[in-house]
Amino acid sequence: MAKNKFISHEKQFEMLKNSYHNNFPNSWIFYGIKGIGKSFVAKEFIKWIIFNDTFLNNSEFFNFSDENKSKILNNLFIACCHHLNFDSDEPSNIDNVRDLIKKINYTNFSEINKNFILIDNFENLNLNSVNALLKTLEEPPKGTIIIIITHSINLIPRTLTSRCVKLKFNSLNEDCFHQVLKLKDIFLDKKIEKILFNLTYGSPGFFLNIHSKDGFELISLIEDTIEEKRINYIKIRKISEILSKNKYFFLNLFKSILYQKTKEILLENYKDIKLYN
């Protein structure tokens, strides 16, 4: 299996691999801010497990072409990995959860082929969905590995966090952030990239959302509105219209812009200790 290229989170990936051969826990929580690569690491780790359990001692597999190896691994990944709640705009409902539980309970387990439950955006699940999942999450069926991905671990019930091993993922540093943009063929002025790095808290996923949606328009509108001496109601209305398109994403961006602007104002007035504090 080709070595995975990680721009960040190498330590987390190595820890998972080392742990797998030594009393590996069935339930995990990957946590950290949204868009930093938690889901990518989870998927690559699952593929690594499939490769090690299924093909590591199979000499015939290594005679296949790289293309065929990749196809086989991807097909097994699709068959073994059950996804839930990967769309943050449309959280999975109770019916999706029940379907997942049925699939897991009716899937034949073997020591070679494990089942994987991969739940993203866990904090977006409603109470009914969480309650339906609790028994499965607390007592996973034999041969099932569960990875929960959350961006707000404080919103996960303690009854669940106490049963899982928690693995923290940190924001990317500026160099890693730059490498991700470079891989995406995005090249920005250093000053602008620095501003966006701060604005997104070192989250490439957050930046890519800004890049693909109306994020830059929102940033520009807010900055113009702040600079004007009088309230521009036309721009305020436009900001409101953008915010209503994707409340989760644009509200987070809106808060981040105001936070960074507040920091700028305070840094300019750092001599006023009361204001700065």
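This section reports on the structure supplied with the text.

Basis of the calculations
Residues numbered from 1 in each chain as written. Predicted model: local features only at pLDDT ≥ 70, side-chain atom pairs only at ≥ 80, totals over all residues. Heavy atoms only, no water. Helix = DSSP H or I, 4+ residues; strand = E, 2+ residues; numbered from the N terminus. Contact = heavy atoms within 4.5 Å. Areas by Shrake-Rupley, 256 points an atom, 1.4 Å probe, with all protein chains shown as cover. Buried < 20%, exposed > 50% of the residue type's maximum accessible area, 1.4 Å probe, protein only. Arc of directions from axis to C-beta. Polar contact = N/O pair within 3.5 Å; in protein donor to acceptor, adjacent residues only side chain to side chain. Phe/Tyr/Trp six-rings, centres within 6.5 Å; stacked < 30°, edge-to-face > 60°.

Secondary structure assignment for the protein yields 13 helices and five strands. Contacts in the protein between residues at least 24 apart in sequence constitute 71% of all its contacts with a sequence separation of at least 6. Working note: accessible area of the protein is about 16700 Å², and carbon and sulfur atoms make up 51% of it.

By the burial criterion, the buried members of helix α7 (residues 174–183) are C176, F177, V180 and L181. Seen along its axis, α7 keeps its buried residues to an arc of 140 degrees; they face one direction. For α7, the exposed residues lying more than 90 degrees away from the buried face are K182 and L183. Tucked into the core, α7 has its buried residues touching α8 (190–199) and α9 (204–212). Its side-chain oxygen 3.2 Å from the backbone nitrogen of D175, N173 forms the N-cap of α7.

On to the side chain of K114. Here K114 shows up in the loop between α4 (94–106) and β3 (115–119). Among the residues examined, K114 registers a relative accessible area of 17% and is labelled buried. A polar contact is formed between the side chain of K114 and the side chain of Y20, at a distance of 3.1 Å. Within the structure, the side chain of K114 is placed 3.0 Å from the side chain of D53, a separation counted as a polar contact.

Okay, the environment of E44 next. Along the chain, E44 turns up in helix α2 (residues 38–54). You can call E44 buried: its relative accessible area is 12%. Between the C-alpha atoms of E44 and F77, which are 33 residues apart in sequence, the distance is 9.8 Å.

So, on to the packing of aromatic side chains. Scanning the model with the defined rule gives 14 aromatic pairs in all. Arranged with centres 5.1 Å apart and planes meeting at 45 degrees, the rings of F30 and F169 form a pair that is tilted. Taken together, the positions of F30 in strand β1 (residues 27–31) and F169 in the loop between β5 (165–168) and α7 put the pair 139 residues apart, joining distant regions of the chain. Both residues of the pair, F30 and F169, belong to the buried class. An angle of 70 degrees between the planes, with centres 6.1 Å apart, marks the rings of F177 and F207 as edge-to-face. One end of the pair, F177, is in helix α7; the other, F207, is in helix α9, with 30 residues separating them in the sequence. Here F177 falls in the buried class, since its relative accessible area comes to 1%. Judged by relative accessible area, which is 0%, F207 ranks as buried.

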